[in-house]
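A closer look at the structure
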Amino acid sequence: NAGVTQTPKFRILKIGQSMTLQCAQDMNHNYMYWYRQDPGMGLKLIYYSVGAGITDKGEVPNGYNVSRSTTEDFPLRLELAAPSQTSVYFCASSFGLAQETQYFGPGTRLLVL
Amino acid sequence: AQTVTQSQPEMSVQEAETVTLSCTYDTSESDYYLFWYKQPPSRQMILVIRQEAYKQQNATENRFSVNFQKAAKSFSLKISDSQLGDAAMYFCAYRSWGFGNEKLTFGTGTRLTIIP
């Protein structure tokens, strides 16, 4: 049982490039989330999904896209990377009820130059 | 909208001593959840403890306990018998009750240093 896994661990992008951050969970959780953490700050929700085929925006969705074709995977797509997207990105999952604890992956550090 | 405030950017404690990290929040809701997450240098977010607002009893997990004061909207974390492995950033987080309230609102964190 690996929990929540994220790839890559670290990536450098040039302005205008695109990339996909991968997230997978093996706990059969319905809910999955993407957060970003800027230096010295707490996490902010980018997008979340309540099940395969269903996604919704969080606090800071601009510049990102998501899809959820399976229960296990929830990739985050960055289109036209900008320096403001330099951050650490965390994927999380929970079983499905609103009171359930969210379990986090190890994070992906992204640097946009 | 809910807000979470952690007023102590940094704290330090001698190994084996007790330390309390502060957290206050603002909400108009009566039912919600509160969490403390630990973020070690590896950056992974690890759940330390959680509290349901409808429960009057303070949550406890081994050396970690909370002082939840609903009327004061305060949710402090007490770490007893501090260990070197407790060194990390600690984040307080709030979550609303019920479906459609999936967002965790985080504070800005407290960096805890353990002095050997």
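The structure this text deals with has already been given above.
Presented here is an overview of the structure given in this document.

Quick notes on the rules
- Residues numbered from 1 in each chain as written.
- Chains lettered and ligands numbered in written order.
- Predicted model: local features only at pLDDT ≥ 70, side-chain atom pairs only at ≥ 80, totals over all residues.
- Heavy atoms only, no water.
- Contact = heavy atoms within 4.5 Å.
- Buried area = accessible area lost by both parts, 1.4 Å probe.
- Salt bridge = Lys/Arg side-chain N within 4 Å of Asp/Glu carboxyl O.
- Helix = DSSP H or I, 4+ residues; strand = E, 2+ residues; numbered from the N terminus.
- Nonpolar A, V, L, I, M, F, W, Y, C, P; charged D, E, K, R; others polar.
- Pairing = 2+ DSSP bridges.
- Axes fitted to C-alpha atoms, helices over the stretch in contact; angles between N-to-C directions.
- Buried < 20%, exposed > 50% of the residue type's maximum accessible area, 1.4 Å probe, protein only.

1. Examining the interface of chain B and chain A
With 20 residues of chain B in contact, the opposing surface of chain A contributes 26 residues. Both faces combined, the contact of chain B with chain A buries some 2000 Å², and carbon together with sulfur accounts for 56% of it. Taken together, chain B and chain A are joined by zero salt bridges. Every element with two or more residues in the side of chain B that touches chain A is listed here: β5 (32-39), β6 (46-52), β10 (88-96) and β11 (104-106) of chain B. Across the side of chain B that touches chain A, the residue classes break down as nine nonpolar, six polar and five charged.

2. Looking at the pairing of strand β8 (residues 64-69) of chain B
All names here are of chain B. Direction of pairing for strand β7 (residues 60-61) relative to β8: antiparallel, over a ladder of two bridges. When the bridges of β8 are listed, glutamate 61 appears paired with phenylalanine 64. Linking two consecutive strands that pair antiparallel, namely β7 and β8, is a turn of two residues; a positive phi of about 55° is found at asparagine 62 within it. Inspection of the sheet shows β8 paired to strand β9 (residues 74-79) by six bridges, in the antiparallel sense. Residue pairing in the sheet places phenylalanine 68 in a bridge with phenylalanine 75 of β9. Turn length for the β8-β9 hairpin, with the two strands adjacent in sequence and antiparallel, is four residues, and the turn residue lysine 73 shows positive phi of about 55°.

3. Describing the sheet that holds strand β3 (residues 19-25) of chain A
Residues and elements named next belong to chain A. Pairing is antiparallel across the open sheet formed by four strands, whose spatial order is β1-β3-β8-β7. Each having just a single partner strand, β1 (4-7) and β7 (64-66) make up the two edges of the open sheet. Taking the axes of each pair of neighbouring strands and ignoring which way they run, one obtains an average angle of 20° across the sheet. Two strands pair when backbone bridges link them, and β7 and strand β8 (residues 76-78) are joined in this way by three bridges, in the antiparallel orientation.

4. Remarks on the pattern of salt bridges
All names here are of chain B. Under the definition given, this model contains six salt bridges over all chains. For arginine 50, the salt bridge is made with glutamate 52, and the minimal N-O distance between the two is 2.9 Å. In this structure glutamate 52 comes out as buried when scored by relative accessible area, which is 10%. With its nearest N and O atoms 2.8 Å apart, the salt bridge here joins arginine 63 to aspartate 86. Note that arginine 63 is positioned in the loop between β7 and β8 and aspartate 86 in the loop between β9 and β10, a separation of 23 residues in sequence. The buried category is assigned to aspartate 86, whose relative accessible area is 3%.

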